[in-house]
Number of protein chains: 2
Amino acid sequence: MSCTTTLKNKGLKLTPQRRLILNIIHESGGHLTAEEILDYVHARVPGVNKSTVYRTLELLEELGCVYKSELGDRFIYHHAEEGHHHHLVCRACGKSIDCDEDVFLPVERALDKKYGFQAHFKHMVMSGLCAECRDKG
Amino acid sequence: MSCTTTLKNKGLKLTPQRRLILNIIHESGGHLTAEEILDYVHARVPGVNKSTVYRTLELLEELGCVYKSELGDRFIYHHAEEGHHHHLVCRACGKSIDCDEDVFLPVERALDKKYGFQAHFKHMVMSGLCAECRDKG
DNA sequence: TTTATAATTGCAACTGGTTGCACCAACAAT
DNA sequence: ATTGTTGGTGCAACCAGTTGCAATTATAAA
Ligand SMILES: [Mn+2]
Ligand SMILES: [Mn+2]
Ligand SMILES: [Zn+2]
Ligand SMILES: [Zn+2]
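What counts, and at which threshold
- Residues numbered from 1 in each chain as written.
- Chains lettered and ligands numbered in written order.
- Predicted model: local features only at pLDDT ≥ 70, side-chain atom pairs only at ≥ 80, totals over all residues.
- Heavy atoms only, no water.
- Domains from an automatic or database assignment.
- Contact = heavy atoms within 4.5 Å.
- Salt bridge = Lys/Arg side-chain N within 4 Å of Asp/Glu carboxyl O.
- Polar contact = N/O pair within 3.5 Å; in protein donor to acceptor, adjacent residues only side chain to side chain.
- Helix = DSSP H or I, 4+ residues; strand = E, 2+ residues; numbered from the N terminus.
- Core = buried A, V, L, I, M, F, W, Y, C linked by side-chain atoms within 4.5 Å.
- Buried < 20%, exposed > 50% of the residue type's maximum accessible area, 1.4 Å probe, protein only.
- Patch = residues over 30% accessible without salt bridge, like charges linked within 9 Å, V, L, I, M, F, W, Y side chains within 5 Å.
- Areas by Shrake-Rupley, 256 points an atom, 1.4 Å probe, with all protein chains shown as cover.
- Lys, Arg positive; Asp, Glu negative; His and termini not counted.
- Charge placed at Lys NZ, Arg CZ, Asp CG, Glu CD.

Some thoughts on the domain arrangement of chain A
All names here are of chain A. Each assigned domain of chain A is listed with its residue range as follows: domain 1 (3-82) and domain 2 (85-136). One C-alpha centre belongs to domain 1, the other to domain 2, and the line joining them spans 25 Å. At the interface, seven residues of domain 1 touch six residues of domain 2. Put simply, domain 1 and domain 2 have zero salt bridges between them. If you look at where domain 1 meets domain 2, you find three residue pairs in polar contact (both at pLDDT 80 or more). Elements supplying a minimum of two residues to the side of domain 1 that touches domain 2: strand E2 (66-71) and strand E3 (74-79). Sort the elements by how many residues they give to the side of domain 1 that touches domain 2 and E2 lands first, with four residues.

A look at the nonpolar core
Within soluble globular proteins, side chains that are nonpolar tend to cluster in buried spots. Grouped together as the largest cluster of nonpolar side chains are 28 residues, with contacts concentrated most on Phe104(A), Leu111(A), Phe121(A), Phe104(B), Leu111(B) and Phe121(B). Elements with a contribution of two residues or more to this core: strand E4 (86-90) and helix H5 (105-115) of chain A together with strand E4 (86-90) and helix H5 (105-115) of chain B. When near neighbours in sequence (up to four residues on either side) are disregarded, Leu111(B) contacts Leu88(A), Cys99(A), Val103(A), Met126(A), Gly116(B), Phe117(B), Ala119(B) and Phe121(B).

A few points about a negative patch on the surface
Taken together, the side chains of Glu58(A), Glu61(A), Glu62(A), Glu70(A), Asp73(A), Glu58(B), Glu61(B), Glu62(B), Glu70(B) and Asp73(B) make up a negatively charged region of the molecular surface. Within the fold, Glu62(B) resides in helix H4 (residues 50-63). We classify Glu62(B) as exposed; its relative accessible area is 61%.

Okay, structure coming up:
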């Protein structure tokens, strides 16, 4: 479902500020921090308040329109309708490998079967050792 | 390996402040926020500075002595030598289900096989729908 | 012991992000 | 058209957590 209809279905409004923030995340193709988004917003419409931006990001995440992922020491935002994938980040060399979205299917099935729990793993960022760094160290 | 030897092996010191923080996390049995840890530290030794506490928590996490997990809107610290498990948190009713640590083994094996990437999933907190709430909604 | 080196802490200033609140805009009911 | 209600924004004060730095401590070399 599109962000626009998700908002409307909940009686929420697609204000100019929200449209602007959604456009910025969408055009970027993913991986913007809140601070970067705030900068882009100010570059286009200087008057928008930072609390509006942070509140909008929180709202969009709760609605499932964007995903928030912990990447190293910061958080990045990713449009939910972009191509789905995960990231493997090497803690030794810092390299990031794109990862197929299906690797978590066995976990989702096991959690459902054992606990009746319905979980979805979206745009996960995993820290670990890449093949090269593992062979060295 | 124990925290003490991990520190010594890296030329780092087990100062009274660090020992105190480790004891607090260990005795709690897990799930303390940084702010709660800071409060417990001040209750025992009022002079310790907050920057020391935050820097110590960051250090212990990097060393792998404690795990930091995102639980809802806050972060909790968990002693690495406590019993290993994960948490399933229902986003509808808030209930937390303890989860077997082995559920991520298929993912760890798949990442290793497909990408040569070595990842370890420790004390994960997963958001989703529990059985009861799924049946209702 | 004396000196050099590196680790650690406390302090104070700073910053990213949050919160309470008054005002404003959209919309529905009368 | 008027009123009532709900949602959204800007503003300013606030707070948790970070950072730079000088002073302190432990350790090792001379
Ligand atoms: Mn991505
Ligand atoms: Mn736990
Ligand atoms: Zn690597
Ligand atoms: Zn539930």
